[in-house]
Amino acid sequence: EPKKSEVTVGPALETSHRSLTNDEYDTVAAAVERICPRDEEPGAVDLGVPEYIDRALATPTLAHVRDDFVRGTEVLMRRAQGRHQKPFAALAPDLQDALLTEFKDSPAASGEQHYWTVLIGLTMEGLFGDPAHGGNRGGRGWELIGFGNGRRGCADPSGHHHHACETRKG
């Protein structure tokens, strides 16, 4: 597969996705970027999390997960459109956060809560899993938490500490 050196701008071609439509993919990409936004470190999109999720959902053993996940993504899309007359990906970050928080804070057995749990799980896998599976591009997710070649985070000589490292002292 050709290496993408940077995030593609605009909607990707339909054929580049294995499980999601363009609209669903853009929605998922925007959601995972809110979960792990780019700051001075790469964010979820930089690290290939949307590609990872799209690829993971194409695995036959995850067919049931894919159906639930697509349904949940569509609910998120409808809510954004219904409330703000815009696609989720086009909303301001605070409006995106508000919608995601509703899912997170939904009752335990609800579809929304289930979607949130799966979204977080897939995002974490995409950030920190083996780069061979399409996420954690260049192993940079590991650097975020202080592992990997760059060994940023805990051992950062500039004295900046990543919050993910605080638990590793001791």
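Right above here is the structure, for reference.
Described in the following lines is the structure provided in the data block.

A closer look at the overall build of the protein chain
Then comes step 1: A count of helical and extended segments in the protein chain gives six helices and zero strands.
Then comes step 2: Partitioning the contacts of the protein chain with sequence separation of at least 6, the portion at a separation of at least 24 is 52%.
Then comes step 3: A total accessible area of about 9600 Å² is found for the protein chain, and carbon and sulfur atoms account for 57% of it.

Overview of the pattern of salt bridges
Then comes step 1: Applying the stated criterion across every chain yields a total of eight salt bridges.
Then comes step 2: A salt bridge links Arg137 to Glu51; the nearest nitrogen and oxygen atoms lie 2.8 Å apart. Taken together, the residues span a long stretch of sequence, with Arg137 in the loop between helix 5 (111-128) and helix 6 (140-144) and Glu51 in helix 2 (residues 49-56) at a distance of 86 residues.
Then comes step 3: Put simply, Arg79, Arg83, Glu102 and Glu112 are held in one network by salt bridges that share partners.

Some points on the side chain of Thr123
Then comes step 1: Tracing the backbone shows Thr123 in helix 5.
Then comes step 2: Thr123 has contacts with Val32, Ile35, Val49 and Ile53, leaving out every residue within four places of it along the chain.

Thoughts on the nonpolar core
Then comes step 1: Formed by 31 residues in total, the largest nonpolar core has its most connected members in Ile53, Phe69, Phe88, Leu119 and Leu122.
Then comes step 2: Those elements giving two or more residues to this core turn out to be helix 1 (22-35), helix 2, helix 3 (63-84), helix 4 (93-104) and helix 5.
Then comes step 3: Beyond its immediate stretch of four places on either side in the chain, Phe69 contacts Val28, Ile53, Leu57, Tyr115, Val118, Leu119 and Leu122.

What about helix 1?
Then comes step 1: If you check helix 1, its first and last C-alpha atoms are 20 Å apart, about what 14 residues at 1.5 Å a residue would give, namely 20 Å.
Then comes step 2: The secondary structure elements touched by the buried residues of helix 1 are helix 2, helix 3, helix 4 and helix 5.

Focus: the packing of helix 4 against helix 5
Then comes step 1: Helix 5 packs onto helix 4 with a crossing angle of 110 degrees between their chain directions and a minimal axis gap of 7 Å. In terms of their interaxial angle, helix 4 and helix 5 are classed as roughly perpendicular. Only Glu112, Gln113, Tyr115, Trp116 and Leu119 of helix 5 make contact with helix 4, whose side of the interface consists of Leu100, Phe103 and Lys104.

Details of the packing of aromatic side chains
Then comes step 1: This structure, assessed with the given rule, holds two aromatic pairs.
Then comes step 2: Seen in terms of ring centroids, Phe69 and Tyr115 are 5.1 Å apart; in terms of plane orientation they differ by 40 degrees. Their pairing is tilted. Of the two residues, Phe69 is situated in helix 3 and Tyr115 in helix 5; the sequence distance between them amounts to 46 residues. A single burial state applies to Phe69 and to Tyr115, both of which are buried.
Then comes step 3: Cluster of aromatic residues (ring-pair linked, three or more members): Phe69, Phe103 and Tyr115.

Observations concerning the environment of Ser16
Then comes step 1: Mapped onto the secondary structure, Ser16 falls in the segment before helix 1.
Then comes step 2: Residue class for Ser16 comes out partly exposed when judged on its relative accessible area of 38%.
Then comes step 3: Taking the C-alpha atoms as reference points, Ser16 and Glu51, separated by 35 residues in sequence, lie 9.2 Å from one another.

Describing helix 4
Then comes step 1: The end-to-end C-alpha distance of helix 4 is 16 Å, a good match for the 16 Å that 12 residues give at a rise of 1.5 Å each.
Then comes step 2: All of the buried residues in helix 4 are Gln96, Leu99, Leu100 and Phe103. Projected down its long axis, helix 4 carries its buried residues within an arc of 95 degrees, all on one side.
Then comes step 3: Contacts made by the buried residues of helix 4 are with helix 1, helix 3 and helix 5.

Topic: the side chain of Asn136
Then comes step 1: Inspection of the secondary structure puts Asn136 in the loop between helix 5 and helix 6.
Then comes step 2: Of the polar contacts made by the side chain of Asn136, one reaches the backbone nitrogen of Trp142; its length is 3.5 Å.
Then comes step 3: With near-sequence residues (within four places) excluded, Asn136 lies in contact with Leu47, Gly126, Leu127, Phe128, Gly129, Pro131, Gly141 and Trp142.

Criteria and thresholds
- Per chain, the residues get numbers from 1 upward, laid out in the order the sequence is written.
- Owing to the predicted nature of the model, reporting of local features is limited to residues with pLDDT of at least 70; listing and counting of side-chain atom pairs is limited to 80 or more, with chain, interface and lining totals taken over all residues.
- Side-chain descriptors were evaluated using all non-hydrogen atoms of the structure, hydrogens and water having been removed beforehand.
- Labels follow the DSSP assignment, with helices taken as runs of H or I lasting at least four residues and strands as runs of E lasting at least two, numbered in each case from the N terminus.
- Contact between two residues is taken to exist if any of their heavy atoms lie within 4.5 Å; hydrogens are not considered.
- Surface exposure here means Shrake-Rupley accessible area, sampled with a 1.4 Å probe, where a residue is shielded only by the protein chains that are shown.
- Each reported salt bridge corresponds to a side-chain nitrogen of Lys or Arg within 4 Å of a carboxyl oxygen of Asp or Glu.
- Put simply, buried Ala, Val, Leu, Ile, Met, Phe, Trp, Tyr and Cys residues joined by side-chain atoms within 4.5 Å make one nonpolar core.
- Under the scheme applied here, a residue whose accessible area is under 20% of the maximum for its type counts as buried, over 50% as exposed, and between as partly exposed, the area being computed with a 1.4 Å probe on protein chains only.
- By this rule the span expected of a helix is its residue count minus one, scaled by 1.5 Å.
- Only the stretch in contact is used when a helix axis is fitted, and all axes are lines through C-alpha atoms; the angle between N-to-C directions ranges over 0 to 180 degrees.
- When describing relative orientation, an angle under 35 degrees is termed roughly parallel and one over 145 degrees roughly antiparallel, while 65 to 115 degrees is termed roughly perpendicular and anything else oblique.
- Pairing of aromatic rings covers Phe, Tyr and the six-membered ring of Trp, with a centre-to-centre limit of 6.5 Å; geometry is then stacked below 30 degrees between planes, edge-to-face above 60, and tilted otherwise.
- Note: the arc covers the axis-to-C-beta directions of the helix.
- Any pair of N or O atoms that falls within 3.5 Å is considered a polar contact. Within protein, one atom must be able to donate a hydrogen and the other to accept it, and sequence-neighbouring residues count only if both atoms are side-chain atoms.

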